[in-house]
Every structure is written in C-alpha cells, then in structure tokens.
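# Fold and contact review
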Amino acid sequence: MGILEIEDISISFEDKVILDKLSVDFWEGHIHAIVGPNGAGKSTLAQTIMGLPGFRKHEGEIRFQGHSIKRMSVDERAKQGITLAWQEPARFEGLSVRSFIKAASSDITEQAVDEALTMVGMDSTKYKGRSVDKTLSGGERKRIELASIIAMQPKVVMMDEPDSGVDIDAINNIFLVIRELKQRGTTVILITHSAEVLKQSDHAFLICDGKLVDKGRVESMLAYFEGKCKPCTHKNEPDVVDGFSIKENGIMESIS
Ligand code: ADP
Ligand code: MG
C-alpha cells in the first residue's frame, strides 16, 4: 500500500477538465517524480493533494496512510505530515527567517531552526535574523522555504519545480537535501519538467492533459525528454485564453 494514494481524481476550472480521472500512488520513503509538459496539470495535482482553497471541488479520493483526507483542511493535512514547497516561494515582508521557520508549529525549537538552515547549506547565525523579503534572492527564499519544511519533520514533501529560479549551487544543495530526506524515511514528490530533477528520483509518473500517460523507472521515463512521448499529443505551448496567457504557476497574465 502506498503512503499517499490518489484515485480517479478529476477537477475542472470553468468547464475545462484539468485533471482527468488521474490515479497515482506514492510509496513510503521513495522519491517520486511527476513529469509532464507545461500545463499538464502537475501543480494542480499538488495543490489538490494539499487541499488548497480553489482545489477542493474534485471527484475521486485522496488517501493518506489508508484514510481519506478529502474533507480535511490544508492545516489538518499539514498536521498529518503533508507539505508542499511552492514553485514561487512566498515573501513575508518583515518576518524574520527564524520566525518564518518557527511559524509552522510551536514544537519547532531554536536548535531545529539551526539544523534545518544548516541542512539547506545556509549559515544560521548569518540568516536567522534576516527578513524574508526582496533582500533575499529567489534561490535563498527557496532554500529557506525548504528549511521550514524540514523543521516540520513531514512524512511527505511535495516540491513544485525545485530547480526553478535557483542557481547551480542552490540546485545541487536542494538535490542533497532530497537525498537526506529520503534517508530519514520521508516520501518525496518532485514535480518537474526537467530531466535533471527527474534523475534524482526512484520512480516517475508522466502526466499530460491531466491524464496519466505512463509510469515506471526513471531510465524509461527519460525517453520523454528525448521527444519520445509517443502516446501524448500535447503541443507543449503556453495556454492562451482570450488575451491572457497562463503562467507556469497557474496565474493568468494579460498579453495584450
Ligand atoms: P503544470 O503545473 O503542469 O504546468 P498546471 O497544473 O499549473 O500545469 O495547470 C494546468 C492547466 O490548468 C493550465 O494550463 C491552466 O489552463 C489550468 N489552470 C490551473 N490553475 C487554474 C485556475 N486557478 N483557474 C483556471 N485554470 C487553471
Ligand atoms: Mg506547474
């Protein structure tokens, strides 16, 4: 039995089917990848698993450790041990790095903050008092967000495009953290359209147009990046809806 099982999930936005009877299951302590082109529905799947507002009206079932979590709030799911690192990490102007990491739970000690920052390769004495705002680079914010997730000691970590907006040193550090999380028994779900990120995983699901196209070992799934995504007719073009394009993070942007 998988630690997290997604069964026949369907979700639509304004009559457009985004996830279409999608079933995937994640095994405890493994690193899984969800791969697929832009607009495939990868971020939607992560946000639906997390139960974020706007992603609650779906069909199908989500089970964590054998029990349905469908009716649970985001907070309740987080308390169960399910976490999501955003593609675009949030900024909390004025909040210190220390407070940001501690905010997730009153159980997070000063020592846990130090350990989490060290694990993401950041000098905790240098960063703890800094503000989580635009004075930090995108890569630093992403690593701080990862530190906050590590401090929560989650059972499942979903990472949406862990390599987006980070430099090569930061991405190598994130890859180290992924392996460390696995060593600790955490189930990791990497959401990506990068072959490099896919190579960090044990097993992958290929999704396209909200459907599961293929699944299997990483070696066989890498063929998708060589243009051998045969069963799939997706054009891999950004969506354009009446003068708006939908950015990677699902936010609509005017193109006029
Ligand atoms: P991926 O992460 O695989 O690039 P997304 O899950 O972000 O894809 O988006 C899948 C499709 O769902 C997008 O092409 C977009 O059309 C649609 N979509 C995502 N979020 C919303 C939303 N909040 N409102 C309307 N449509 C959305
Ligand atoms: Mg996405």
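Up top is the structure these notes are about.
Conventions and cut-offs
Residues numbered from 1 in each chain as written. Chains lettered and ligands numbered in written order. Predicted model: local features only at pLDDT ≥ 70, side-chain atom pairs only at ≥ 80, totals over all residues. Heavy atoms only, no water. Axes fitted to C-alpha atoms, helices over the stretch in contact; angles between N-to-C directions. Helix = DSSP H or I, 4+ residues; strand = E, 2+ residues; numbered from the N terminus. Parallel < 35°, antiparallel > 145°, perpendicular 65-115°, else oblique. Left-handed = near helix turned anticlockwise from the far one by under 90°. Contact = heavy atoms within 4.5 Å. Nonpolar A, V, L, I, M, F, W, Y, C, P; charged D, E, K, R; others polar. 1 Å grid on protein atoms, 1.4 Å probe; cavity = no way out; pocket = protein on both sides within 12 Å on 5 of 7 lines; lining within 4 Å. Points joined across faces, edges and corners; volume = space filled by probe spheres on them. Pairing = 2+ DSSP bridges. Salt bridge = Lys/Arg side-chain N within 4 Å of Asp/Glu carboxyl O. Buried < 20%, exposed > 50% of the residue type's maximum accessible area, 1.4 Å probe, protein only.

A word on the packing of helix α4 (residues 110–119) against helix α6 (residues 138–151). Viewed as axis vectors pointing N to C, α4 and α6 meet at an angle of 130°, and their least axial separation amounts to 8 Å. The orientation of α4 relative to α6 falls into the category oblique. For the element pair α4 and α6, the recorded crossing hand is right-handed. Contact residues: α4 offers A116, L117 and M119, while α6 offers I144, A147, I150 and A151. Partitioning the contact of α4 with α6 into residue classes produces seven nonpolar, no polar and no charged.

Attention now goes to empty space enclosed by the protein. Tallied over the entire structure, the rule returns one cavity of 30 Å³ or more. Roughly 70 Å³ of internal volume is contained in the largest cavity. Contributing to the lining of the largest cavity are A85, W86, K142, E145, L146, M159, D160, E161, P162 and I174. The set of elements that each furnish at least two residues to the lining of the largest cavity consists of α6 and β7 (156–160). Looking at the lining of the largest cavity, the element that brings in the most residues is α6, giving three residues. Counted by class, the lining of the largest cavity contains six nonpolar, no polar and four charged residues.

A few words on the sheet that holds strand β6 (residues 82–85). The sheet built from six strands is open, its strands ordered β6-β7-β8-β3-β9-β10 with mixed pairing. The open sheet terminates on both sides in strands that have one partner only, identified here as β6 and β10 (211–217). Strand-to-strand twist across the sheet, computed as the mean angle between neighbouring axes with direction ignored, equals 20°. Bridge count for β7 against strand β8 (residues 187–192) is five bridges, and the pairing is parallel. Residue pairing for β8: D160 is matched across the bridge by I191. Its contacts with the sheet place helix α1 (residues 42–50) against β3 (31–35), β6, β7, β8 and β9 (203–208), and it is angled at close to 145° to β6. Against the sheet, α6 makes contact with β6 and β7, and its axis sits at roughly 175° relative to β6, the strand it touches most.

With that settled, the discussion passes to the pattern of salt bridges. Applying the stated criterion across every chain yields a total of eleven salt bridges. A salt bridge links E180 to R184; the shortest N-O distance between them is 3.2 Å. Exposure remark for R184: the relative accessible area of 48% places this residue in the partly exposed category. The salt bridge partner of D202 is K182, with a shortest N-O separation of 3.0 Å. On the criterion of sequence distance, the pair formed by D202 in the loop between α8 (195–198) and β9 and K182 in helix α7 (residues 168–183) is long-range, its members being 20 residues apart. Owing to a relative accessible area of 28%, D202 belongs among the partly exposed residues under this scheme. Residue classification places K182 among the partly exposed positions, given a relative accessible area of 33%. The structure contains a network of salt bridges with shared partners spanning R98, K102, E110, D114 and K128.

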